[in-house]
Amino acid sequence: MAKFNLSVTTITFSIIILISISISVSIRLGGRTKVEDVKTNKEIQAMGKYSVEEYNRLRRSQPGNNEGELTFSQVMEAEQQVVAGMKYYLTIETLSKSSGDPKVFQAVVEVKPWLHSKKLLKFAPSTANLLPVW
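If you're wondering where the values come from, they're calculated on a predicted model, not measured in any experiment. (Residues numbered from 1 in each chain as written. Predicted model: local features only at pLDDT ≥ 70, side-chain atom pairs only at ≥ 80, totals over all residues. Heavy atoms only, no water.)

**Student:** Could you clarify how one ought to interpret the pairing of strand S2 (residues 70-83) in this entry?
**Tutor:** In regular strands, side chains alternate between the two faces of the sheet. Across three bridges, strand S1 (residues 32-34) lies against S2 in antiparallel orientation. Looking at S2, one finds that Thr33 is bridged to Gln80. Bridge count for S2 against strand S3 (residues 85-96) is 12 bridges, and the pairing is antiparallel. Each bridged residue has a counterpart across the sheet, and for Val82 the counterpart in S3 is Met86. Where S2 folds back on S3, the antiparallel hairpin that results is connected by one residue. (Pairing = 2+ DSSP bridges. Helix = DSSP H or I, 4+ residues; strand = E, 2+ residues; numbered from the N terminus.)

What follows is the structure, encoded as structure tokens:
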């Protein structure tokens, strides 16, 4: 009887551990993770440049659009998320081509390498303000 109780206890404990591990893994999968060393990460900087170029291309294709184009400066922050592919959340510093004023934008890019696909999902002004540097 003691052996049976020990086996039931061991099995119950093992099931609890497995459930705990699976819950913690499922929380991380699909969650956003911060990209480290953004300013030296060539892939992330290229993703930011693509975002600005794609934004400019889409703006030019809209009739009656008088807004100035942007020049890519740098990706300041980035997060990535595993989806059906990889989704990147970027904070991008740009310069207005007409005035030279710095502007910050938030961009979301979805990449599906097996399809050789990259798509700009969102590009909008950021709520973060750039402070002038004297």
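**Student:** Looking at this structure, how should I read the packing of aromatic side chains?
**Tutor:** How two aromatic rings sit relative to each other is set out by the distance from centre to centre and by the angle between their planes. On inspection of all chains with the given rule, the structure shows three aromatic pairs. Consider the rings of Phe105 and Phe123, whose centres lie 4.8 Å apart with planes at 20°: the pair is stacked. In this pair, Phe105 is assigned in strand S4 (residues 102-112) and Phe123 in strand S5 (residues 117-125), connecting sequence segments 18 residues apart. Accessibility expressed as a relative area gives 7% for Phe105, which makes it buried. Aromatic ring contacts, followed pair by pair, group Tyr55, Phe105 and Phe123 into a single cluster. Taking the ring centre of Tyr89 as reference, the NZ or CZ of Arg32 above it sits at 3.4 Å. Just above the ring of Tyr50 sits the side chain of Lys118; from NZ or CZ to the centre is 4.6 Å. (Phe/Tyr/Trp six-rings, centres within 6.5 Å; stacked < 30°, edge-to-face > 60°. Buried < 20%, exposed > 50% of the residue type's maximum accessible area, 1.4 Å probe, protein only. Lys NZ or Arg CZ within 6 Å of the ring centre and 35° of its normal.)

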